[in-house]
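What follows is each chain in one-letter form.
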Amino acid sequence: MASTLGLGARSPAPRTPSQQAANPPRQASVVEPDDSLALWNGVPPYVLLIEDDEGDAVLVEELVDDSGIDVRLGRAASLADALDMLAAEAPECVLLDLNLPDAQGLDGLKRVLAVSAEAAVVVLTGLSEERAGLSAVAAGAQDYLVKGRLEPDVFMRAIRYAIQRKRTELAAVALEAGRLRAEENARLERGLLPTPLLRRDPADAVTVCARYHPGRAQTLLGGDFYDVVQTSDGSTHAVVGDVSGHGPSEAALGVCLRVAWRAFVMAGARDAELLGLLEQILLAERSGPEIFATLVSLTRAPGSRAVSVQRAGHPGFLVRSAAGVELRTVPGGPALGILPGWGAGWPVTEVPVEAGGAVMLFTDGLIEGRIGPGSDRLDEAGLLEIARKHTDLPAEPFVDSLIHAAQGLAADWGGLADDVAVLHLEWNTPT
């Protein structure tokens, strides 16, 4: 139902002193505030009136005064002036006459909405133009008010309700955007956090424990990724990587690299050829020349007591054995994308892993959290110290204890700002 507003064709004549004495001014019709209308949070709302008729403009000012509500009322006599004022300060509500010198009908409404999409718009129509008011609401206005009726309380309530409806509309849009983002995150997560592709071969079984924690400052997954594949010859292949930056582009690139790594491994690519192919994918898919990726990749042949490791600009990894935990940082090459076409390759290093032993790969988000003032960080040495305190734990509590300890140390200094990906591989059958 349309709200009503009385606007005359001209300003009322001033009252003489004798008229004022005989007929004292009426008390203002005050709209009592309540919880459903308390939208201002203590700050007077800014309402912009776009009206070329001086008489109507004066009566709007009187309606505001009579309401007893504290409002900052701006005035523009043309659409051109109004657009300049909208660009300078966004109002909570716009009162728009549909008949302006430089805009007629819905044209003015469309131009106001284009400039100030977050403002509630209430159009002003004549007694014979209610159909135009309905059309304006269908075109994006929150309400319309009909000139020819004087009701200050209804006038202010219409403005308040229009603002509330606009806020509800914007909240609904934000909620839908959040839902779509959550769905996109879920798709990215399914790509970043894969199901290991393992063979059912008891002769060389491997147990996988993986964890992924998005960084505290992110609303989207970052570019950390991991994967584990056992090929037809029984070999176990694993990778943990980290794309620089955060956001959907980096997350998508992480998914792309992970899927490419799996495909190349299953197609038989190994060693320097494998990392060279991954770099070609990164160069083709990255959003800018500044984007790079670090990774550590390993292979364990069935029955072997060593893993073959390649490292491209990535931190070292932990090796667990009956004797305890050690940090291994093997020779490596630059991160993928840092030196495109780099000809030296990435060396392959054999690292002993005893029967029943395990390795734990991780991204730098686990070790780069600040643990004190200045630049004091956990780093690899700090992680190794924590790991040695939990050396006797099984895989899952071991991994969780390390992540929890790193988070606790960084909690008072900003937390773990980067993503954390951890991959623990344990070969359970002695060879």
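Along each chain, numbering runs from 1 in the same order as the chain's sequence is written. The model is predicted, so local features are restricted to residues of pLDDT at least 70 and side-chain atom pairs to those at 80 or more, both for listing and for counting; the totals for chains, interfaces and linings are taken over all residues. Hydrogens are left out, water is left out, and the side-chain values use all remaining heavy atoms of the structure.

The residues that make up patches have over 30% relative accessible area and no salt bridge, and they are joined within 9 Å when like-charged or within 5 Å when they are Val, Leu, Ile, Met, Phe, Trp or Tyr. Accessibility throughout is a Shrake-Rupley quantity obtained with a 1.4 Å probe, and a residue counts as covered only by protein chains that appear here. Any carboxyl oxygen of Asp or Glu that lies within 4 Å of a side-chain nitrogen of Lys or Arg is treated as forming a salt bridge with it. Positive: Lys, Arg. Negative: Asp, Glu. His and the chain ends are not part of the count. Working definition for charges: the position is that of NZ of Lys, CZ of Arg, CG of Asp or CD of Glu. Together, Asp52, Asp81, Asp84 and Asp102 make up a region of like negative charge exposed at the surface. Each helix is a run of H or I in the DSSP string that is no shorter than four residues. Each strand is a run of E no shorter than two, and both are numbered from the N terminus. For Asp52, the position within the fold is in the loop between strand 2 (46-50) and helix 2 (54-67).

Per-residue accessibility, obtained with a 1.4 Å probe over protein chains only, is compared with the maximum for each type, and a residue is labelled buried under 20%, exposed over 50%, and partly exposed between these values. Across the five residues that make up strand 14 (residues 317-321), a large majority, four, are buried. Here, strands pair whenever DSSP counts at least two bridges between them. Two successive antiparallel strands, strand 14 and strand 15 (residues 324-328), enclose a turn made up of two residues.

Okay, the packing of helix 9 (residues 379-389) against helix 10 (residues 395-410) next. Axes, fitted as lines to C-alpha atoms, cover a helix only where it is in contact. Angles between the N-to-C directions of the axes lie from 0 to 180 degrees. Remark: helix 9 packs on helix 10, axes separated minimally by 10 Å, with the N-to-C direction vectors making an angle of 130°. Classified by the angle between their axes, helix 9 and helix 10 sit oblique to one another. For the pair helix 9 and helix 10, the sense of crossing is right-handed. Residues Leu383, Ile386 and Ala387 of helix 9 touch helix 10, and the partners they reach there are Phe398, Leu402, Ala405 and Leu409. Tallied by class, residues from the contact of helix 9 with helix 10 come to seven nonpolar, no polar and no charged. Throughout this description, any angle smaller than 35 degrees is read as roughly parallel, any larger than 145 degrees as roughly antiparallel, any in the 65 to 115 degree range as roughly perpendicular, and the remainder as oblique. A clockwise turn of the near helix away from the far one marks a right-handed crossing, whereas an anticlockwise turn of less than a right angle marks a left-handed crossing. In this description, contact between two residues means that some pair of their heavy atoms is separated by no more than 4.5 Å. In this classification, the charged set is Asp, Glu, Lys and Arg, the nonpolar set is Ala, Val, Leu, Ile, Met, Phe, Trp, Tyr, Cys and Pro, and all remaining amino acids, among them Gly, are polar.

Position of Thr294 relative to the elements: it lies in strand 12 (residues 293-300). On the basis of relative accessibility, which here comes to 9%, the residue Thr294 falls in the buried class. Pairs of N or O atoms within 3.5 Å make up the polar contacts considered here, provided that, within protein, one atom can donate a hydrogen while the other can accept it, and that residues adjacent in sequence are counted only when both atoms are side-chain atoms. A polar atom in the side chain of Thr294 sits 2.8 Å from the side chain of His314.

With that settled, the discussion passes to unusual backbone geometry. Backbone geometry at Asp271 places phi at a positive 55°, although glycine is not the residue there. As for its position among the elements, Asp271 is in helix 8 (residues 271-285). Residue classification places Asp271 among the partly exposed positions, given a relative accessible area of 40%.

The subject of this paragraph is the sheet that holds strand 18 (residues 420-427). Pairing is antiparallel across the open sheet formed by five strands, whose spatial order is 9-18-17-14-15. Each of the sheet's edge strands pairs with one partner strand only, and the pair in question is strand 9 (206-213) and strand 15. Going across the sheet, the axis of each strand differs from the next one's by a mean of 15°, ignoring polarity. Summarising the sheet, strand 14 and strand 17 (residues 358-362) pair through three bridges and their orientation is antiparallel. Across the sheet, the residue bridging to Arg320 is Ala358, located in strand 17. Together, strand 14, strand 15 and strand 17 form the strand contacts of helix 9, whose direction differs from that of strand 15 by roughly 165°. Where helix 10 meets the sheet, its contacts fall on strand 9, strand 14, strand 15, strand 17 and strand 18, and the angle it forms with strand 9 comes to roughly 20°.

This structure, assessed with the given rule, holds eleven salt bridges. One salt bridge in this structure joins Arg211 and Asp400, with 2.7 Å as the shortest N-O distance. Of the two residues, Arg211 is situated in strand 9 and Asp400 in helix 10; the sequence distance between them amounts to 189 residues.

Turning next to the environment of Glu354. Here Glu354 is to be found in the loop between strand 16 (349-352) and strand 17. A C-alpha to C-alpha distance of 5.3 Å links Glu354 and Arg305, two positions 49 residues apart in sequence. At a separation of 3.0 Å, a polar atom in the side chain of Glu354 contacts the main-chain amide nitrogen of Ala322.

Glancing now at the packing of helix 7 (residues 248-266) against helix 8. When two helices pack together, their arrangement is captured by the angle between the axes and the distance separating the axes. Taken N-terminus to C-terminus, the directions of helix 7 and helix 8 make an angle of 150°; their axes are 10 Å apart at the nearest point. Taken together, the axis directions place helix 7 and helix 8 in an arrangement best described as roughly antiparallel. Like other packed secondary-structure pairs, helix 7 and helix 8 cross with a definite hand, here right-handed. When helix 7 is examined against helix 8, the residues Leu253, Cys256, Leu257, Ala260, Trp261, Phe264 and Val265 are found in contact with a partner set consisting of Leu274, Leu277, Leu278, Ile281, Leu282 and Glu285. Tallied by class, residues from the contact of helix 7 with helix 8 come to twelve nonpolar, no polar and one charged.

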